[in-house]
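Commentary on secondary and tertiary structure
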Amino acid sequence: YEKNFSGFLSHFLIQGGYSYQNFKNDGFKDNYMYDVTSGLRVTKPGTELNPNNRYYLFQNLQSFFGRTNIDFYNKYLFTVTFRADASSLFQKDQRWGYFPAVGFAWKVREDFFKDSNTVRDLKLRLGWGKTGQQNITGVVGFYPSSALFSIGASNAQYFPGLTTYSALPFNPDVTWEKTTTLNAGLDFSLFNSDRITGSVDVYNRKTSDLLARVPLPPGQGLTSNFIENIGSLENNGVELGLNVVPVKSENITWSVSLNGAYNKGKITDLKNITTFSDSGSTLPVGTGINIAYNTVGYQPYSAWVFQQVYDANGNPLAEVYVDRNGDGVINNSDRYYRPIRPNWTYGFGTSFNYKNWDLSAAFRGQIGGEIYNTRKIAQGYRSSAVPANSNNLNNVITYAADSPFLQLSDNTYFSDYFLEDATFLKLDNITLGYMIKNMFGNTNVRVYGAVN
């Protein structure tokens, strides 16, 4: 229901709704069936095999939601929303999440802007709200909170025809991840022709009941790692947006859009642990060796490394690292955390029109951040060209010839020497087009070429 008024109450809206979503993933629907007797996936014959024992994966999402907007004098704007969301990924007593939000905006139309030729429009915004996150099927599957069994293969039977079953890992206490955000913003438009418009936002975002796959003690959880609500995370940031039209005439229009963001996060709690490695940072050496960790008090996805020592010419000294705790021994106590992901990101685009021609381009980039050079670890040392006990020559990167490392030890893998600056600016795409007007009567045709 919505209605506009004149006077003190200028606008009122109230809205409510219900949504239902059901997903069914049938991996064996078209080409395969699941043979319960053998425990194997087999090609489907002309008639369906085991039509009563098909293997489906279900996910169900349901929500109730409501919103109201109340405006006073068409310049003081209030918004209140509320959501109640349920996910079948969680057990019944953990299934529902409740997420409120409130917002206030002030269209600044006071006397001190009435005769301004510079400020055309100005709006101040404040907001607070809570959101939820439950999409973890890609990490642990469709039934992370349910006790289920998997059917053993035919070669895992104790007796012929007697199928074995194995318990699958589960966590009955897993529930919604919750994020609470407090933000303030400013929208502006300058000059009468909207030559400059933009926005500025600052925010504080706190995430609790953080969903993450973490290590489990031996003998618990039926696996070595599984999903848990493990702790909390805090992010603070600024986001900027600006649109400028430097040239606007009858035949020529040139516009430029820019955006930038600063974000810094910190892990504030990990429940019963202080750190866990990130499986997405596995090094190409050994088995399961990771470089990045999520640790209380530091930014997420930070490298845990030794501080490399260099000679007077700036070359790294092989196997020489800073003894940060001063105990005379180089071990894990001397490693420190260095953020890998960038704090600053940005992008800009431009569009130029001349009569029937148009040219546009989009750029994006980041300032800072680091990337771990895994090629140098895998092949960037001299003995990698001719391995020990072998007369064969390997293909290696050219850096290996000048590398200060004859070979790598366990500590070398964790040297901050291999962390390299990840600052970049990239031209994502550029497009050139021409508009052929009235090609077929009143029909316009645009011909264009694009490069990505």
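A brief structural summary. Since this is a predicted model, take the numbers as computed values, not measurements.

**Quick word on the overall build of the chain**
In terms of regular secondary structure, the chain is built from three helices and 28 strands. A compact globule built from 452 residues would reach a C-alpha radius of gyration of about 22 Å, whereas the chain, at 30 Å, exceeds it by more than 25%. Reported as C-alpha extents along the three principal axes, the dimensions of the chain are approximately 80 × 70 × 60 Å. Taking all 452 residues of the chain together, the buried fraction comes to 31%. In the chain, once contacts between residues fewer than 6 apart in sequence are set aside, the share between residues at least 24 apart is 60%.

**Brief notes about the sheet that holds strand 18 (residues 292-295)**
Taken in spatial order, the four strands line up as 17-18-19-22 in an open sheet, and their pairing is antiparallel. Unpaired on one side and paired on the other, strand 17 (275-277) and strand 22 (336-339) mark the two borders of the sheet. Averaged over neighbouring strand pairs, the angle between their axes works out to 45 degrees when direction is ignored. In this sheet, strand 18 lies alongside strand 17 in antiparallel orientation, the contact comprising three bridges. Of the residues in strand 18, the one forming a bridge with Phe 276 is Asn 294.

**With respect to the layout of surface pockets**
To find leftover empty space, one rolls a probe the size of a water molecule over the atoms. Empty space within the largest pocket amounts to approximately 560 Å³. Lining the largest pocket are 21 residues; nearest its centre among them are Ala 212, Arg 213, Phe 276, Asp 278 and Asn 294. Here the element with the most residues in the lining of the largest pocket is strand 13 (residues 211-215); it accounts for five residues. Each residue belonging to the lining of the largest pocket can be placed in one class, and the counts come to 12 nonpolar, six polar and three charged.

**Here's the deal with the nonpolar core**
The biggest cluster of nonpolar side chains holds 22 residues, and the ones touching the most others in it are Leu 283, Ile 291, Tyr 372, Ile 377, Phe 405 and Tyr 413. Residues in contact with Leu 283, not counting those within four places in the same chain, are Ile 289, Ile 291, Tyr 372, Tyr 413 and Phe 414. Residues Phe 99, Val 140, Trp 176 and Phe 226 belong to the second largest nonpolar core, which totals 11 residues.

**With respect to unusual backbone geometry**
Positive phi values are uncommon outside glycine, yet Asp 209 reaches one of about 50 degrees. Residue placement: Asp 209 occurs in the loop between strand 12 (196-208) and strand 13. Using a relative accessible area of 28% as the deciding quantity, one classes Asp 209 as partly exposed. At Glu 319, a residue that is not glycine, the phi angle is positive and equals roughly 65 degrees. Among the secondary structure elements, Glu 319 is positioned in strand 21 (residues 316-321).

**What to know about the pattern of salt bridges**
Here the structure, examined in full by the defined rule, presents 10 salt bridges. Between Arg 125 and Asp 187 there is a salt bridge whose closest N-O contact spans 2.9 Å. Note that Arg 125 is positioned in strand 8 (residues 119-133) and Asp 187 in strand 11 (residues 177-190), a separation of 62 residues in sequence. We classify Asp 187 as partly exposed; its relative accessible area is 23%. Among the salt bridges present, the one from Glu 420 reaches Lys 376, with a minimum N-O distance of 3.1 Å. You can see Glu 420 sitting in strand 26 (residues 419-421) and its partner Lys 376 sitting in helix 3 (residues 374-379), a full 44 residues away along the chain. Overall, Glu 420 belongs to the partly exposed group, its relative accessible area being 26%. A residue is classified by how much of its surface remains accessible, and Lys 376, at 14% relative accessible area, is buried. Each of Arg 125, Asp 187 and Asp 201 takes part in salt bridges that share partners, so that together they form one network.

What counts as what
- Residues numbered from 1 in each chain as written.
- Predicted model: local features only at pLDDT ≥ 70, side-chain atom pairs only at ≥ 80, totals over all residues.
- Heavy atoms only, no water.
- Helix = DSSP H or I, 4+ residues; strand = E, 2+ residues; numbered from the N terminus.
- Rg over C-alpha atoms; globule rule 2.2 N^0.38 Å.
- Buried < 20%, exposed > 50% of the residue type's maximum accessible area, 1.4 Å probe, protein only.
- Contact = heavy atoms within 4.5 Å.
- Pairing = 2+ DSSP bridges.
- Axes fitted to C-alpha atoms, helices over the stretch in contact; angles between N-to-C directions.
- 1 Å grid on protein atoms, 1.4 Å probe; cavity = no way out; pocket = protein on both sides within 12 Å on 5 of 7 lines; lining within 4 Å.
- Points joined across faces, edges and corners; volume = space filled by probe spheres on them.
- Nonpolar A, V, L, I, M, F, W, Y, C, P; charged D, E, K, R; others polar.
- Core = buried A, V, L, I, M, F, W, Y, C linked by side-chain atoms within 4.5 Å.
- Salt bridge = Lys/Arg side-chain N within 4 Å of Asp/Glu carboxyl O.

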